[in-house]
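Structural characterization, general
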Amino acid sequence: MAELARNTELQLDTKPKSPWVEAWVIFKRNRLALVGLGIVLFFVMLAIFAPFIAPYGINEQDLTKRLLPPSADNWFGTDDFGRDILSRVIYGARISLWVGFFSVLGSVIIGALLGLIAGYYGGFIDTVISRFFDILLAFPSILLAIAIVSILGPSLQNALIAIAVINIPNFGRLIRSRVLSVKQEEYILAANALGMSDRRIIFHHVLPNSFTPIIVQGTLAIATAIIEAAALGFLGLGAQAPTPEWGKMLADAKGYLVQAPGTLFFPGLAIMLTVLGFNLLGDGLRDALDPKMKQQ
(Lines give C-alpha, C1' and ligand atoms only; values in the text may rest on other atoms or scores of the structure.)
Protein backbone atom coordinates (compact mmCIF):
# COMPACT_ATOMS: atom_id res chain seq x y z
CA MET A 1 0.00 0.00 0.00
CA ALA A 2 2.82 2.37 0.86
CA GLU A 3 4.47 1.68 -2.50
CA LEU A 4 1.17 2.31 -4.28
CA ALA A 5 0.76 5.62 -2.45
CA ARG A 6 4.27 6.71 -3.44
CA ASN A 7 3.64 5.80 -7.07
CA THR A 8 0.39 7.76 -6.99
CA GLU A 9 2.17 10.81 -5.59
CA LEU A 10 4.86 10.56 -8.28
CA GLN A 11 2.19 10.40 -10.97
CA LEU A 12 0.49 13.47 -9.54
CA ASP A 13 3.79 15.35 -9.35
CA THR A 14 4.71 14.49 -12.93
CA LYS A 15 1.27 15.36 -14.30
CA PRO A 16 1.79 18.00 -17.02
CA LYS A 17 0.78 21.52 -16.04
CA SER A 18 -1.35 23.77 -18.18
CA PRO A 19 0.56 26.50 -20.06
CA TRP A 20 -0.99 29.23 -17.89
CA VAL A 21 -0.06 27.46 -14.64
CA GLU A 22 3.47 26.98 -15.92
CA ALA A 23 3.63 30.64 -16.94
CA TRP A 24 2.47 31.72 -13.46
CA VAL A 25 5.17 29.55 -11.84
CA ILE A 26 7.84 31.19 -14.02
CA PHE A 27 6.37 34.64 -13.38
CA LYS A 28 6.49 34.19 -9.59
CA ARG A 29 10.21 33.49 -9.75
CA ASN A 30 10.84 36.91 -11.28
CA ARG A 31 11.10 39.33 -8.36
CA LEU A 32 11.12 42.44 -10.53
CA ALA A 33 7.95 41.24 -12.25
CA LEU A 34 6.28 40.82 -8.85
CA VAL A 35 7.38 44.33 -7.91
CA GLY A 36 5.84 45.61 -11.15
CA LEU A 37 2.62 43.71 -10.44
CA GLY A 38 2.52 45.20 -6.95
CA ILE A 39 2.98 48.74 -8.28
CA VAL A 40 0.27 48.28 -10.90
CA LEU A 41 -2.17 46.81 -8.37
CA PHE A 42 -1.41 49.70 -5.99
CA PHE A 43 -2.36 52.31 -8.57
CA VAL A 44 -5.38 50.27 -9.68
CA MET A 45 -6.59 50.23 -6.07
CA LEU A 46 -5.99 53.98 -5.85
CA ALA A 47 -8.09 54.50 -8.96
CA ILE A 48 -10.94 52.26 -7.78
CA PHE A 49 -11.14 53.58 -4.22
CA ALA A 50 -10.16 57.20 -4.94
CA PRO A 51 -13.38 58.66 -3.42
CA PHE A 52 -12.66 56.85 -0.15
CA ILE A 53 -8.90 57.49 -0.04
CA ALA A 54 -8.59 61.11 -1.18
CA PRO A 55 -8.72 63.39 1.89
CA TYR A 56 -10.16 66.36 -0.03
CA GLY A 57 -12.20 67.08 -3.14
CA ILE A 58 -10.19 67.45 -6.34
CA ASN A 59 -11.54 70.97 -6.95
CA GLU A 60 -11.78 72.07 -3.33
CA GLN A 61 -9.96 75.43 -3.30
CA ASP A 62 -8.58 77.54 -0.47
CA LEU A 63 -6.50 80.45 -1.75
CA THR A 64 -5.22 81.16 1.76
CA LYS A 65 -3.38 77.81 1.57
CA ARG A 66 -1.94 78.06 -1.93
CA LEU A 67 1.51 76.56 -2.68
CA LEU A 68 1.99 75.15 0.82
CA PRO A 69 4.74 72.55 1.38
CA PRO A 70 3.86 69.02 2.54
CA SER A 71 2.33 68.97 6.01
CA ALA A 72 0.13 66.84 8.28
CA ASP A 73 -3.00 68.36 6.72
CA ASN A 74 -1.76 68.19 3.13
CA TRP A 75 0.74 65.36 2.76
CA PHE A 76 1.83 66.43 -0.74
CA GLY A 77 1.24 70.14 -0.20
CA THR A 78 -1.13 72.36 -2.20
CA ASP A 79 -1.13 73.85 -5.69
CA ASP A 80 -1.56 77.42 -6.90
CA PHE A 81 -5.31 77.30 -6.19
CA GLY A 82 -4.91 75.82 -2.72
CA ARG A 83 -6.08 72.38 -3.85
CA ASP A 84 -4.71 69.29 -2.17
CA ILE A 85 -2.09 67.71 -4.46
CA LEU A 86 -2.42 64.25 -2.89
CA SER A 87 -6.14 64.11 -3.69
CA ARG A 88 -5.55 65.21 -7.27
CA VAL A 89 -2.72 62.70 -7.76
CA ILE A 90 -4.98 59.91 -6.47
CA TYR A 91 -7.79 60.86 -8.84
CA GLY A 92 -5.22 61.31 -11.60
CA ALA A 93 -4.56 57.56 -11.38
CA ARG A 94 -8.11 56.99 -12.60
CA ILE A 95 -7.61 59.17 -15.66
CA SER A 96 -4.17 57.86 -16.62
CA LEU A 97 -5.15 54.21 -16.25
CA TRP A 98 -8.41 54.84 -18.11
CA VAL A 99 -6.61 56.46 -21.03
CA GLY A 100 -3.87 53.84 -21.02
CA PHE A 101 -6.21 50.84 -20.92
CA PHE A 102 -8.85 51.98 -23.38
CA SER A 103 -6.43 53.47 -25.89
CA VAL A 104 -4.51 50.19 -25.96
CA LEU A 105 -7.75 48.22 -26.14
CA GLY A 106 -8.78 50.20 -29.21
CA SER A 107 -5.35 49.69 -30.76
CA VAL A 108 -5.50 45.95 -30.08
CA ILE A 109 -8.97 45.51 -31.58
CA ILE A 110 -8.29 47.46 -34.78
CA GLY A 111 -4.64 46.45 -35.17
CA ALA A 112 -5.32 42.76 -34.50
CA LEU A 113 -8.21 42.70 -36.95
CA LEU A 114 -6.14 44.30 -39.71
CA GLY A 115 -3.16 42.09 -38.90
CA LEU A 116 -5.30 38.95 -39.00
CA ILE A 117 -6.74 39.86 -42.40
CA ALA A 118 -3.37 40.85 -43.86
CA GLY A 119 -1.53 37.80 -42.59
CA TYR A 120 -4.22 35.25 -43.41
CA TYR A 121 -5.22 36.38 -46.90
CA GLY A 122 -1.92 37.87 -48.08
CA GLY A 123 -1.60 39.19 -51.63
CA PHE A 124 -3.05 42.58 -52.51
CA ILE A 125 -4.92 42.90 -49.21
CA ASP A 126 -1.71 42.31 -47.29
CA THR A 127 0.11 44.90 -49.40
CA VAL A 128 -2.51 47.61 -48.82
CA ILE A 129 -2.75 47.03 -45.07
CA SER A 130 1.03 46.79 -44.67
CA ARG A 131 1.54 50.07 -46.55
CA PHE A 132 -1.06 51.66 -44.25
CA PHE A 133 0.99 50.51 -41.25
CA ASP A 134 4.16 51.86 -42.88
CA ILE A 135 2.55 55.27 -43.40
CA LEU A 136 1.58 55.52 -39.74
CA LEU A 137 5.03 54.38 -38.63
CA ALA A 138 6.71 56.92 -40.90
CA PHE A 139 5.70 59.72 -38.51
CA PRO A 140 7.15 60.13 -35.01
CA SER A 141 4.39 58.85 -32.72
CA ILE A 142 4.07 61.96 -30.55
CA LEU A 143 4.00 64.28 -33.58
CA LEU A 144 1.27 62.17 -35.19
CA ALA A 145 -0.70 62.25 -31.94
CA ILE A 146 -0.34 66.05 -31.79
CA ALA A 147 -1.54 66.34 -35.39
CA ILE A 148 -4.61 64.16 -34.73
CA VAL A 149 -5.56 66.06 -31.57
CA SER A 150 -5.04 69.37 -33.35
CA ILE A 151 -7.54 68.28 -36.01
CA LEU A 152 -10.09 66.81 -33.58
CA GLY A 153 -9.66 69.47 -30.90
CA PRO A 154 -7.94 69.42 -27.50
CA SER A 155 -9.68 67.07 -25.05
CA LEU A 156 -8.97 63.94 -23.07
CA GLN A 157 -11.23 61.83 -25.31
CA ASN A 158 -9.50 63.02 -28.48
CA ALA A 159 -6.12 62.37 -26.87
CA LEU A 160 -7.28 58.80 -26.21
CA ILE A 161 -8.27 58.42 -29.87
CA ALA A 162 -4.93 59.80 -31.04
CA ILE A 163 -2.96 57.44 -28.79
CA ALA A 164 -5.04 54.50 -30.02
CA VAL A 165 -4.40 55.39 -33.67
CA ILE A 166 -0.63 55.73 -33.35
CA ASN A 167 -0.37 52.30 -31.69
CA ILE A 168 -2.43 50.43 -34.31
CA PRO A 169 0.54 49.49 -36.56
CA ASN A 170 2.50 48.08 -33.63
CA PHE A 171 -0.18 45.50 -32.87
CA GLY A 172 -1.10 45.01 -36.53
CA ARG A 173 2.43 44.09 -37.59
CA LEU A 174 2.89 41.91 -34.52
CA ILE A 175 -0.26 39.89 -35.25
CA ARG A 176 0.46 39.74 -38.98
CA SER A 177 3.88 38.17 -38.40
CA ARG A 178 2.36 35.70 -35.95
CA VAL A 179 -0.45 34.75 -38.33
CA LEU A 180 2.02 34.15 -41.18
CA SER A 181 3.66 31.54 -38.98
CA VAL A 182 0.52 29.99 -37.48
CA LYS A 183 -1.36 29.55 -40.76
CA GLN A 184 1.35 27.15 -41.97
CA GLU A 185 0.70 24.77 -39.06
CA GLU A 186 -0.78 21.38 -39.90
CA TYR A 187 -4.00 21.89 -37.95
CA ILE A 188 -4.75 25.04 -39.96
CA LEU A 189 -4.07 23.23 -43.22
CA ALA A 190 -6.31 20.39 -42.05
CA ALA A 191 -9.10 22.82 -41.17
CA ASN A 192 -8.87 24.29 -44.67
CA ALA A 193 -8.95 20.82 -46.22
CA LEU A 194 -12.10 19.99 -44.24
CA GLY A 195 -13.82 23.05 -45.71
CA MET A 196 -14.00 25.07 -42.51
CA SER A 197 -14.90 28.72 -43.14
CA ASP A 198 -12.18 31.38 -43.06
CA ARG A 199 -14.01 33.24 -40.28
CA ARG A 200 -14.05 30.17 -38.06
CA ILE A 201 -10.41 29.37 -38.74
CA ILE A 202 -9.32 32.95 -38.03
CA PHE A 203 -11.26 33.51 -34.82
CA HIS A 204 -11.27 29.96 -33.39
CA HIS A 205 -7.79 28.76 -34.33
CA VAL A 206 -5.47 31.49 -35.61
CA LEU A 207 -6.34 34.28 -33.15
CA PRO A 208 -6.21 32.19 -29.94
CA ASN A 209 -2.77 30.89 -30.93
CA SER A 210 -1.57 34.43 -31.68
CA PHE A 211 -2.83 36.05 -28.49
CA THR A 212 0.20 35.61 -26.23
CA PRO A 213 2.34 38.37 -27.82
CA ILE A 214 -0.67 40.71 -27.65
CA ILE A 215 -0.80 40.33 -23.86
CA VAL A 216 2.87 41.20 -23.50
CA GLN A 217 2.85 44.05 -26.01
CA GLY A 218 -0.41 45.40 -24.60
CA THR A 219 1.02 45.62 -21.08
CA LEU A 220 4.07 47.49 -22.31
CA ALA A 221 1.90 49.71 -24.54
CA ILE A 222 -0.15 50.87 -21.55
CA ALA A 223 3.02 52.35 -20.06
CA THR A 224 3.75 54.15 -23.34
CA ALA A 225 0.16 55.37 -23.58
CA ILE A 226 0.32 56.87 -20.09
CA ILE A 227 3.46 58.82 -21.04
CA GLU A 228 1.88 59.98 -24.31
CA ALA A 229 -1.30 61.09 -22.52
CA ALA A 230 0.82 63.02 -20.00
CA ALA A 231 2.79 64.62 -22.84
CA LEU A 232 -0.38 65.73 -24.62
CA GLY A 233 -1.77 67.04 -21.33
CA PHE A 234 1.44 68.94 -20.66
CA LEU A 235 1.19 70.56 -24.10
CA GLY A 236 -2.42 71.56 -23.45
CA LEU A 237 -3.81 69.13 -26.04
CA GLY A 238 -5.08 66.46 -23.66
CA ALA A 239 -7.04 66.85 -20.45
CA GLN A 240 -8.29 70.37 -19.82
CA ALA A 241 -8.55 72.24 -16.51
CA PRO A 242 -9.68 71.46 -13.86
CA THR A 243 -9.27 67.74 -14.69
CA PRO A 244 -6.59 66.25 -12.37
CA GLU A 245 -4.56 64.56 -15.09
CA TRP A 246 -0.88 64.13 -14.21
CA GLY A 247 0.49 65.73 -17.38
CA LYS A 248 -1.83 68.71 -17.01
CA MET A 249 -0.80 69.05 -13.37
CA LEU A 250 2.83 69.24 -14.46
CA ALA A 251 1.98 71.93 -17.01
CA ASP A 252 0.11 74.00 -14.41
CA ALA A 253 2.97 73.68 -11.92
CA LYS A 254 5.95 74.42 -14.16
CA GLY A 255 6.01 78.07 -13.08
CA TYR A 256 6.35 77.15 -9.40
CA LEU A 257 9.38 74.83 -9.51
CA VAL A 258 11.42 76.95 -7.11
CA GLN A 259 8.57 78.21 -4.92
CA ALA A 260 6.75 74.89 -4.55
CA PRO A 261 8.70 71.97 -6.07
CA GLY A 262 6.16 69.48 -4.74
CA THR A 263 3.63 70.63 -7.31
CA LEU A 264 5.91 69.14 -9.99
CA PHE A 265 7.57 66.34 -8.05
CA PHE A 266 4.56 64.31 -6.93
CA PRO A 267 2.67 64.11 -10.27
CA GLY A 268 5.97 63.31 -11.98
CA LEU A 269 6.69 60.60 -9.41
CA ALA A 270 3.25 59.08 -10.01
CA ILE A 271 3.91 58.94 -13.77
CA MET A 272 7.34 57.40 -13.24
CA LEU A 273 6.13 54.70 -10.83
CA THR A 274 3.12 53.75 -12.96
CA VAL A 275 5.20 53.44 -16.12
CA LEU A 276 7.89 51.52 -14.25
CA GLY A 277 5.28 49.12 -12.87
CA PHE A 278 3.81 48.32 -16.29
CA ASN A 279 7.26 47.93 -17.85
CA LEU A 280 8.40 45.50 -15.16
CA LEU A 281 5.12 43.62 -15.42
CA GLY A 282 5.40 43.44 -19.21
CA ASP A 283 8.96 42.15 -19.04
CA GLY A 284 7.88 39.48 -16.57
CA LEU A 285 4.98 38.40 -18.76
CA ARG A 286 7.28 38.22 -21.77
CA ASP A 287 9.69 35.93 -19.91
CA ALA A 288 6.82 33.74 -18.67
CA LEU A 289 4.78 33.50 -21.87
CA ASP A 290 7.43 33.51 -24.59
CA PRO A 291 8.55 29.91 -25.29
CA LYS A 292 11.91 31.15 -26.60
CA MET A 293 12.60 32.90 -23.30
CA LYS A 294 11.72 29.71 -21.37
CA GLN A 295 14.35 27.76 -23.26
CA GLN A 296 17.12 30.20 -22.36
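Provided above is the structure to which this section pertains.
Described in the following lines is the structure provided in the data block.

Definitions and limits used
- Residues numbered from 1 in each chain as written.
- Predicted model: local features only at pLDDT ≥ 70, side-chain atom pairs only at ≥ 80, totals over all residues.
- Heavy atoms only, no water.
- Helix = DSSP H or I, 4+ residues; strand = E, 2+ residues; numbered from the N terminus.
- Buried < 20%, exposed > 50% of the residue type's maximum accessible area, 1.4 Å probe, protein only.
- Contact = heavy atoms within 4.5 Å.
- Areas by Shrake-Rupley, 256 points an atom, 1.4 Å probe, with all protein chains shown as cover.
- Phe/Tyr/Trp six-rings, centres within 6.5 Å; stacked < 30°, edge-to-face > 60°.
- Lys NZ or Arg CZ within 6 Å of the ring centre and 35° of its normal.
- Patch = residues over 30% accessible without salt bridge, like charges linked within 9 Å, V, L, I, M, F, W, Y side chains within 5 Å.
- Salt bridge = Lys/Arg side-chain N within 4 Å of Asp/Glu carboxyl O.
- Core = buried A, V, L, I, M, F, W, Y, C linked by side-chain atoms within 4.5 Å.
- Polar contact = N/O pair within 3.5 Å; in protein donor to acceptor, adjacent residues only side chain to side chain.
- Expected span 1.5 Å × (residues − 1).

1. Digging into the overall build of the protein
Assigned secondary structure in the protein consists of 14 helices and zero strands. The N-to-C order of helical and strand elements in the protein reads α-α-α-α-α-α-α-α-α-α-α-α-α-α. Over its C-alpha atoms, taken along the principal directions, the protein stretches across nearly 75 × 65 × 30 Å. Here the protein holds 296 residues, and the buried ones make up 43% of them. Nonlocal contacts in the protein, meaning residues at least 24 apart in sequence, comprise 69% of its contacts between residues at least 6 apart. Roughly 16000 Å² of accessible area belongs to the protein as shown, and the carbon and sulfur atoms make up 66% of that amount.

2. Some words on the packing of aromatic side chains
For any two aromatic rings, the description comes down to two numbers: the centre-to-centre distance and the angle of the planes. Scanning the model with the defined rule gives eight aromatic pairs in all. Consider the rings of Trp 98 and Phe 102, whose centres lie 6.2 Å apart with planes at 55°: the pair is tilted. With Trp 98 and Phe 102 both in helix α5 (residues 85-121), this residue pair falls four residues apart, about one helical turn. On the basis of relative accessible area, Trp 98 is assigned to the partly exposed category, the value being 33%. Between Phe 132 and Phe 133, the aromatic rings sit 6.1 Å apart at their centres with planes inclined by 45°, giving tilted as the arrangement. Between the NZ or CZ atom of Lys 254 and the centre of the ring of Phe 234, over which it lies, the distance is 5.9 Å.

3. Observations concerning a nonpolar patch on the surface
A contiguous nonpolar patch, built from Trp 98, Phe 101, Phe 102, Leu 105, Ile 109 and Ile 110 and spanning about 550 Å² of accessible area, is present on the exposed surface. Classification of Phe 102 by relative accessible area gives partly exposed; the value is 40%.

4. Let's talk about the nonpolar core
By size, the foremost hydrophobic cluster in this structure holds 70 residues, and its most contacted members are Phe 43, Val 206 and Trp 246. For this core, the leading source of residues is α5, giving 14 residues. Ignoring anything within four residues of it in the chain, the contact list for Phe 43 reads Ala 93, Leu 97, Trp 246, Ala 270, Leu 273 and Thr 274.

5. Thoughts on the side chain of Ser 130
Take Ser 130: it is sitting in helix α6 (residues 123-137). Owing to a relative accessible area of 10%, Ser 130 belongs among the buried residues under this scheme.

6. Points about unusual backbone geometry
Cis geometry is found at the peptide bond from Ala 241 to Pro 242, where omega equals 5°. Looking at the element boundaries, Pro 242 is found in the loop between α11 (212-234) and α12 (246-253). Although it is not a glycine, Leu 67 adopts a positive phi angle of roughly 60°. Here Leu 67 shows up in the loop between α4 (50-53) and α5. Residue Leu 67 is classed as buried on the basis of its relative accessible area of 9%.

7. What about the pattern of salt bridges?
Using the criterion set out here, one finds seven salt bridges in the structure. Residues Arg 83 and Asp 79 are paired through a salt bridge, measuring 2.8 Å at the closest nitrogen-oxygen approach. Taken as a pair, Arg 83 and Asp 79 share a single burial class, namely buried. For Asp 283, the salt bridge identified is with Arg 286, shortest N-O distance 3.7 Å. Taken together, the positions of Asp 283 and Arg 286, both in helix α13 (residues 262-289) and three residues apart, correspond to about one turn of that helix. Since its relative accessible area comes to 30%, Asp 283 is described here as partly exposed. Connected through shared salt-bridge partners, Asp 79, Arg 83 and Arg 88 make up one network.

8. Brief notes about the side chain of Thr 263
Residue placement: Thr 263 occurs in helix α13. At a separation of 2.6 Å, a polar atom in the side chain of Thr 263 contacts the main-chain carbonyl oxygen of Ala 260. Apart from residues no more than four positions distant in its own chain, Thr 263 is found in contact with Leu 67, Thr 78, Asp 79, Ile 85, Met 249, Ala 253 and Tyr 256.

9. Observations concerning α11
With 23 residues, α11 should reach 33 Å at 1.5 Å per residue; the first-to-last C-alpha distance of 34 Å fits that figure. Of the residues one or two after α11, Gly 236 is the one with positive phi, at around 85°.

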